[in-house]
Amino acid sequence: MIRRRHVFAIVRHALLLAWTLVVLFPIGWMVMTSFKDAGDWVSWPARWVPFVDFEPTLMNYRQIFHFGDTGALRREQTEQAYNIWKATFDSVVIVTVASVVSLLLGSTLAYAISRFRTGGPNYPYTVLTIRMLPPIVVAIPLLIYYASLPEAFTWLLGRRVEFFDTYYGLTLLYIVTTLPYVIWMMLAFIDEVPRELEHAARLMGASRLATIRKVVFPLVASGMAVTLLFVFILNWSEFLLALTLSQPKVLTLPVLLNKFQSAVEGRLYGPQAAIGTVVTIPVVVLGFLIQKHLVKGFSFGMIRR
Amino acid sequence: MAESRGPAPAGPPSRSRLGRWLERERVFRILPLIPVQALVLALLFVPMVLTVYISLLRWRITRGFWTEAPWGGVSNFLDALTDEGFFDAVGRTFLFAGGAVVLELALGFGLALLTYQSFRGRRFYFTVFLIPMMIIPVVVGYDFSMLLIDTGPLNAVLSALTGLDVRVRWLSEYRAAQVAVILADVWQWTSLTFLIFVSGLAALPRDPIKAARVMGATRWQVFRHVELPLLKPVIVIAVVIRTMEALKIFDMPMLLTQGGPGNATETISIYLWRNAWIFNKISYAAASSLILLVVFTVLIYLSIWLLRRERRQLEAETAR
Amino acid sequence: MRNLGIVWALVLAVLATGVASAQQVPGNTVEERAVNGAKAYLKKIGVDRLEQTMMMVSLFAKAQPKYLDEWEKLTGIRIKTIEYGYTEIPAKIMADAVAKTGQYDIYNHQMYMLPDAVEAGAVVALDDYAARGKPYFDDIAKTLRSEMYYKGKLYTFFTDGDQTVLALRQDLLDLPEARKAFKAKFGWEPGCPDTWKQWEELASFYQGKKGDKFYGMVLDKDLYGAQEYRAREFGYRWWQGRYISKGKLFFDRNMKPLIDGPEGVETTKEQVSLTKYMPKDIFGWGTPQNYPFFAQGNSFSIATFPSLVGYSQNAQGTVLKGKVLSCIVPGSMVGGKLVRRSIQPAGTNYMVSKFSKHPEAAYWFLQWFTGPEVGNRTVADRDGFWEPFRVGQDKDKNIVARFGEQFVKVTLENAKIAVPMIPLQGNREYLDALDVALQEAYHGRISAEEAMKRTARQWEKITDDIGRKKQVEAWKYVVESGAYFDAAGY
């Protein structure tokens, strides 16, 4: 019996380690490339080990962060393009605001749906349809819409309000496109909270808001963490709408990454790898912090012990 | 489930007017709906209507402003339905989604099975396995485009493993490119199915399992007849989520192969993008996307119906 | 009453002469006139500084700024640039046509973008400004010059000679035994080929596998006979030059496609046949792959963008310094005469946005930047990607120093025979249809005839969709401008 268990454990570890390698290989390669000089980016045979096969350099990071002389790709007059500071700032601001607002709005609505059947029994499903659309479908009408809105606003309010290539323009879209997921997920979590608990609190004289704050909220906190992470990742990665509806005033990280191509040099692998590495870190850190809650969160209401 | 019909709140005596107003059930019920509906209407509904209208015109961006474009009626829809490129893209995307999702389910499930019970080092594997889904698809696309070049590390690894000189032209050969896209997708999203399955497995009620073991069932029998059926809803969720996203996929193949070589990896989204942005055939793109919307909606409602059925079944069973 | 009439006449006469003299901008050179024109404009609107924005291809990020600085010093107009990758810009221009932001004053992209930009109402015709500023184009080949116009109106200036070139390995041509054997086999002295067939003969001869003995030397790696772009978005460019060299136009006067005729089929067959001398990976290669491959000595010949020659001389890792022979693009025999045709597959284009607040100021910059003197400087600029195209640039020391004399002479010859890619609205669509069919043919999945038939069918659909009358009219201008010399079929 013991031998079988040992064999099983070894096999388990072997398989898991194999997949670990598969997972870490592309990531490791990207990180290594971010420290490579242009000549080493694509070479045959591949250059694996730092300090042995190739000389690590901070050149790519210097270039994207604009520290000092970056040699061939120094920019002077151009106003933007390869500026990761701006892109990071824009991404962080837009994504954080959009995710938080979406979470708040969606959670309150999910509560109402759970307790009061707001919107009817089909509402959660119809709202999910929003997410079914390939964003490309609405990208151009949105462009036209955003381009025409200023006229409408001028006519209505006498003031011209721009939407195209603005922070709030993109943020509002991100909120709307992630609301379905927030509602759906939070609905599952809130449904798990027994109504009896709330009834009890109400009977003891608590107001609705207080009930939510003291009874419901603590129980769905992990669910909210998971939802926030999920939505944050979605918005952080969003590419198509940002590509269509922003630049140059607003520039998010995915769009910036796409820019590092040129006709002559092709993909500028080094700087792209550096940006890729930098861009991945916050999300991974966030995920790591919320890890505990992830498993619980993704049960979607299956926890019935 | 019954509506929350508790007794009227006694409430602490000192109550602001706002607080009292909020207490009313009618208000509390409707209030959260208002901002959400407003946003959806303002930001999505109007563009959708605009999309429908544009699909009925024959508008190209090079044909002046959309308000001046001639009426086309259903001609764009007929064009889409008779266009080989359109059907090819749809067929391709479904095949891709099918292949990728099946692999992701199988791998995710397998990995979840191996890790959902506690054992030493579990935390480490767990952390690592979750990373890929947190990486921006654009980054994944670019990263794999670097790994998959003919003289790149993947071919190097394959050569080392097999002892042959492996030079698969991942990005410039038709079939290989399609496999490459599936590979990248599986790499990234197995992470998500893994998470879903782990959660599902961890949340399995213990009693039925214990009962079955007590009654002498083997591991395998327990798995097949107790755990698997209880996991069905989770499986359905994973399938629905992943398939939905896989059918819409744009970022990763765009960065990886730009839809090439030729049309090998041109998914629906890339096909639409090309028609809208490169050929400026906005009306045509609008019409084809509406057709797709109908197809997707049917699929989605189908899966939602499945989901609800599973959920109801699960509730019924656990209530027993 | 009579006196009033005389007064009127006098007033009008004075006004007329005054206005007439205000029309012409003073200055002895193109650049001077541009600077004066800009300064006069600023005075007219009552400012001494102006800020404008250019949507720029990121390729020029290193080279462009110094000229913008110079322009600012000369006129007080500061042009800031916003860079995009060259694949993003068409979509951005179209988006601007829809959104009408007025954010950009100048669009910078490639020449083929012009028809769509004009039809989308995104750019301004420059004839009026040119009438006053008098830019100089006579030293630009007629066919290249035709790309500056659309339906008879001027929209942009030609500034970059991207006409294709054929580059050969001089070191391999010099091998004496190979030379003898080639002459014995094919009957002509190996060197720059006159016809496409001769090029294929060269490719079939100058190739071998690693380790082969090759007329007195041993090949240290595989040698491929030829390279020509075969990837999506590229292959169709060289196809067009080859097709025109067979003496037929793309469309007849009613916009009926002529490419499914014998000339089109022959062109496709030739390209398919040549592919067997190319590396298998060629189907996925753009410039970043093709250039280093050639520069590292892997092929005998390459039909390419002209910048390859400079690359092969100066890039890191090249083994071909001093070993590359630039050739005039080969041609076909049409009615007993040799017709050579090169193609202008990209080029650089600067257009003035219709939504600009000061289009005239933008125009003056274009005239200055593309003038003969500044133009020569930009071509000679090692940071830039502008190539020679004006008659007489082979006399410019700096240009010759940068590119090498043999190449400059050859590329100027190629400029004389370079034709534009289809310069019509919707050209991306026409060319994409051709591209898809060609890809199938290159891979041997369909025959050349079938590929051309499919393309022709698609082209008819596209023309109908865009509006046949519109296209017929535009095509008329193109043919009458001489863009395709005397190719038949109109």
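Note that the coordinates shown come from a computational prediction; the quantities given were computed from them, not determined experimentally.

## Some thoughts on the overall build of chain B
A tally of regular secondary structure across chain B gives 14 helices and zero strands. Reading chain B from its N terminus to its C terminus gives the helix and strand order α-α-α-α-α-α-α-α-α-α-α-α-α-α. Taking all 320 residues of chain B together, the buried fraction comes to 58%. Sequence separation of at least 24 residues holds for 65% of the intrachain contacts in chain B that already meet a minimum separation of 6. On chain B, roughly 14,000 Å² of surface is accessible, and the fraction owed to carbon and sulfur atoms is 67%.

## Looking at the overall build of chain A
Helix and strand counts for chain A stand at 11 helices and two strands. N-terminal to C-terminal, the α/β element order of chain A is α-α-α-α-α-α-α-α-α-α-β-β-α. Counting every position in chain A, which comprises 305 residues, the buried fraction comes to 60%. Put simply, of all contacts in chain A between residues at least 6 apart along the chain, 69% involve residues at least 24 apart.

## Topic: helix α12 (residues 262–274) of chain C
Residue and element names in this part refer to chain C. With 13 residues, α12 extends 18 Å between its outermost C-alpha atoms, agreeing within 8% with the 18 Å of an ideal straight helix rising 1.5 Å per residue. Taken together, the buried positions of α12 are occupied by E263, G264, V265, T267, T268, E270, Q271 and L274. Its buried side turned inward, α12 meets α10 (196–205), β9 (227–228), α11 (235–244), α19 (427–442) and α20 (448–466).

## Concerning the pattern of salt bridges
When the charged atoms of two side chains with opposite charge come close together, those side chains can pair. The tally for this structure, following the rule as stated, stands at 44 salt bridges over all chains. One salt-bridge network, in which partners are shared between bridges, spans E228, R230, R242, K246, E266 and E270 of chain C.

## Concerning the sheet that holds strand β2 (residues 77–84) of chain C
All names here are of chain C. Across the sheet, four strands lie side by side as β2-β1-β3-β15; this open sheet has mixed pairing. Each edge of the open sheet is held by one strand with a lone partner, namely β2 and β15 (349–352). The sheet shows a mean angle of 20° between the axes of neighbouring strands, taken without regard to direction. For strand β1 (residues 50–57) and β2, the ladder comprises eight bridges, and the chain directions are parallel. Residue pairing for β2: M55 is matched across the bridge by I82.

## Structural notes on the interface of chain B and chain A
It is common to give the size of an interface as the accessible area that goes away when the parts come together. Contacts between the two partners involve 114 residues from chain B, matched on the other side by 100 residues from chain A. Of the roughly 10,100 Å² buried between chain B and chain A on both sides combined, carbon and sulfur atoms contribute 75%. Summed over the three residues of chain B that lose the most area to chain A, namely F28, M134 and Y142 of chain B, the buried surface amounts to 7% of that side. On inspection of chain B and its partner chain A, the count reaches zero salt bridges. In this assembly, chain B and chain A are joined by seven residue pairs in polar contact (both at pLDDT 80 or more). Looking at which element gives the most residues to the side of chain B that touches chain A, the answer is helix α3 (residues 33–55) of chain B, with 15 residues. Residue composition of the side of chain B that touches chain A, grouped by class: 77 nonpolar, 19 polar and 18 charged.

## Considerations on the state of the cysteines
Residue and element names in this part refer to chain C. Scanning the entire structure with this criterion turns up one disulfide over all chains. One disulfide in the model links C192 with C327; its S-S distance is 2.0 Å. Between C192 and C327, the S-S dihedral sits near -80°, and the bridge is therefore left-handed. With a gap of 135 residues between them, C192 in the loop between α9 (176–186) and α10 and C327 in strand β11 (residues 324–327) connect regions that are remote in the sequence. Judged by relative accessible area, which is 32%, C192 ranks as partly exposed.

## Remarks on the sheet that holds strand β6 (residues 165–169) of chain C
Residues and elements named next belong to chain C. If you trace the four strands from one edge of the open sheet to the other, you get β9-β10-β6-β11, paired in mixed fashion. Edge positions in the sheet fall to β9 and β11, since each of these pairs with one other strand and no more. Strand direction decides the pairing type here: β9 and strand β10 (residues 301–304), joined by two bridges, are parallel. Within β10, the position partnered with Q227 by the bridge is I302. Packing of helix α18 (residues 405–416) onto the sheet brings it into contact with β6 and β11, and relative to β11 it is tilted by some 20°.

## Remarks on the confidence of the model for chain B
Residues and elements named next belong to chain B. When the pLDDT values of chain B are averaged, the result is 80; 88% of them are 70 or greater. In the model of chain B, helix α1 (residues 17–23) stands out as the element of lowest mean pLDDT, 66, in contrast to helix α5 (residues 84–115), which has the highest, 90. Here residues 1–11 is a poorly scored stretch, pLDDT under 50, and it has 16 contacts once near neighbours within four places are set aside; other chains count. Of the two predicted TM-score estimates for the complex, the pTM is 0.82 and the ipTM is 0.79.

## Brief notes about the packing of aromatic side chains
Residues and elements named next belong to chain C. Counted according to the given criterion, the structure contains 59 aromatic pairs over all chains. The interplanar angle of 80° and the centroid separation of 5.3 Å between the aromatic rings of Y229 and F305 together place this pair among those described as edge-to-face. One end of the pair, Y229, is in the loop between β9 and α11; the other, F305, is in the loop between β10 and α14 (307–314), with 76 residues separating them in the sequence. Summarising the burial analysis for this pair, Y229 and F305 share the class buried. Three or more aromatic residues joined by ring pairs make a cluster, and in this case those are F60, Y67, W71, Y350, F365, W368, F369 and W386. Lying across the ring of Y442, R230 places its NZ or CZ 4.7 Å from the centre.

## Thoughts on the nonpolar core
Ranked by size, the top nonpolar core spans 362 residues in total, and within it Y146 of chain A together with Y206, F250, F365, W459, W475 and Y484 of chain C carry the most contacts. Broken down by element, this core gets its largest block of residues, 15 residues, from helix α6 (residues 167–192) of chain A. Not counting residues within four places of it along the chain, the set of residues in contact with W459 of chain C comprises F250, F251, P257, I259, I422, Y430, A433 and L434 of chain C.

## A closer look at helix α9 (residues 174–202) of chain B
Residue and element names in this part refer to chain B. In this model α9 runs 42 Å from its N-terminal to its C-terminal C-alpha over 29 residues, within 8% of the 42 Å that 1.5 Å per residue would give. Maximal helix bending in α9 amounts to about 40°, located at W189. The element α9 is extensively covered by neighbouring structure, given that 24 of its 29 residues are classed as buried.

## Comments concerning unusual backbone geometry
Residue and element names in this part refer to chain C. At K134, a position not held by glycine, the phi torsion is positive, near 50°. For K134, the location among the structural elements is in the loop between α6 (127–133) and α7 (142–145). Phi is positive for M255, which is not a glycine, with a value near 65°. Here M255 shows up in the loop between α11 and α12. Judged by relative accessible area, M255 falls into the buried class, the value being 0%.

## Digging into the pairing of β15 of chain C
Residue and element names in this part refer to chain C. Of the two faces of β15, the one lined by N349 and M351 and the one lined by Y350 and V352 are each fully buried. One ladder, built from four bridges, connects strand β3 (residues 106–109) with β15; its direction is antiparallel. What sits directly across from Y107, in β15, is M351.

## Structural notes on the pairing of strand β13 (residues 337–340) of chain C
Residue and element names in this part refer to chain C. Two strands pair when backbone bridges link them, and strand β12 (residues 331–334) and β13 are joined in this way by four bridges, in the antiparallel orientation. Residue pairing in the sheet places V334 in a bridge with K337 of β13. Where β12 folds back onto β13 in an antiparallel hairpin, the turn is made up of two residues, including G335, whose phi is positive at roughly 55°.

## Topic: the environment of G27 of chain C
All names here are of chain C. Residue position: G27 is located in the loop between α1 (2–23) and α2 (30–45). Taking the relative accessible area as the measure of exposure, G27 reaches 26% and is therefore partly exposed. Separated by 10 residues in sequence, G27 and G37 have C-alpha atoms that sit 9.1 Å apart. Dropping the residues within four chain positions of it, G27 is found in contact with E32, R33 and N36.

## Quick notes on a nonpolar patch on the surface
A cluster of nonpolar side chains, namely F89, V93, V97 and Y167 of chain A, defines an oily patch on the protein surface of about 330 Å² accessible area. Of all the elements, helix α3 (residues 84–116) of chain A adds the most residues to the nonpolar patch, at three residues.

## Things to note about the packing of helix α5 (residues 135–157) of chain A against helix α4 (residues 89–99) of chain C
Across the interface, α5 of chain A lies against α4 of chain C with an axial gap of 9 Å and an inter-helix angle of 40°. As far as their axial angle goes, α4 of chain C and α5 of chain A are oblique. For the element pair α5 of chain A and α4 of chain C, the recorded crossing hand is right-handed. Only A95, V98 and A99 of chain C of α4 of chain C make contact with α5 of chain A, whose side of the interface consists of L143, I144 and A147 of chain A.

## Details of the confidence of the model for chain A
Residue and element names in this part refer to chain A. Confidence along chain A averages 77 in pLDDT terms, with 80% of residues attaining 70 or more. Of all the helices and strands in chain A, strand β1 (residues 261–262) carries the lowest mean pLDDT, 56, while α3 carries the highest, 89. Taken together, the stretch residues 68–81 has pLDDT below 50 and engages in 35 contacts with residues farther than four places along the chain or on a different chain. Predicted confidence is poor over residues 301–305, with pLDDT under 50, and the contacts of this stretch with residues over four places away or in other chains come to 18 contacts.

What counts, and where the lines are drawn
- Residues numbered from 1 in each chain as written.
- Chains lettered and ligands numbered in written order.
- Predicted model: local features only at pLDDT ≥ 70, side-chain atom pairs only at ≥ 80, totals over all residues.
- Heavy atoms only, no water.
- Helix = DSSP H or I, 4+ residues; strand = E, 2+ residues; numbered from the N terminus.
- Buried < 20%, exposed > 50% of the residue type's maximum accessible area, 1.4 Å probe, protein only.
- Contact = heavy atoms within 4.5 Å.
- Areas by Shrake-Rupley, 256 points an atom, 1.4 Å probe, with all protein chains shown as cover.
- Expected span 1.5 Å × (residues − 1).
- Salt bridge = Lys/Arg side-chain N within 4 Å of Asp/Glu carboxyl O.
- Pairing = 2+ DSSP bridges.
- Axes fitted to C-alpha atoms, helices over the stretch in contact; angles between N-to-C directions.
- Buried area = accessible area lost by both parts, 1.4 Å probe.
- Polar contact = N/O pair within 3.5 Å; in protein donor to acceptor, adjacent residues only side chain to side chain.
- Nonpolar A, V, L, I, M, F, W, Y, C, P; charged D, E, K, R; others polar.
- Disulfide = S-S within 2.5 Å.
- pLDDT = per-residue confidence, 0-100.
- Phe/Tyr/Trp six-rings, centres within 6.5 Å; stacked < 30°, edge-to-face > 60°.
- Lys NZ or Arg CZ within 6 Å of the ring centre and 35° of its normal.
- Core = buried A, V, L, I, M, F, W, Y, C linked by side-chain atoms within 4.5 Å.
- Bend = angle between axes of the 7 residues up to and from the residue.
- Patch = residues over 30% accessible without salt bridge, like charges linked within 9 Å, V, L, I, M, F, W, Y side chains within 5 Å.
- Parallel < 35°, antiparallel > 145°, perpendicular 65-115°, else oblique.
- Left-handed = near helix turned anticlockwise from the far one by under 90°.

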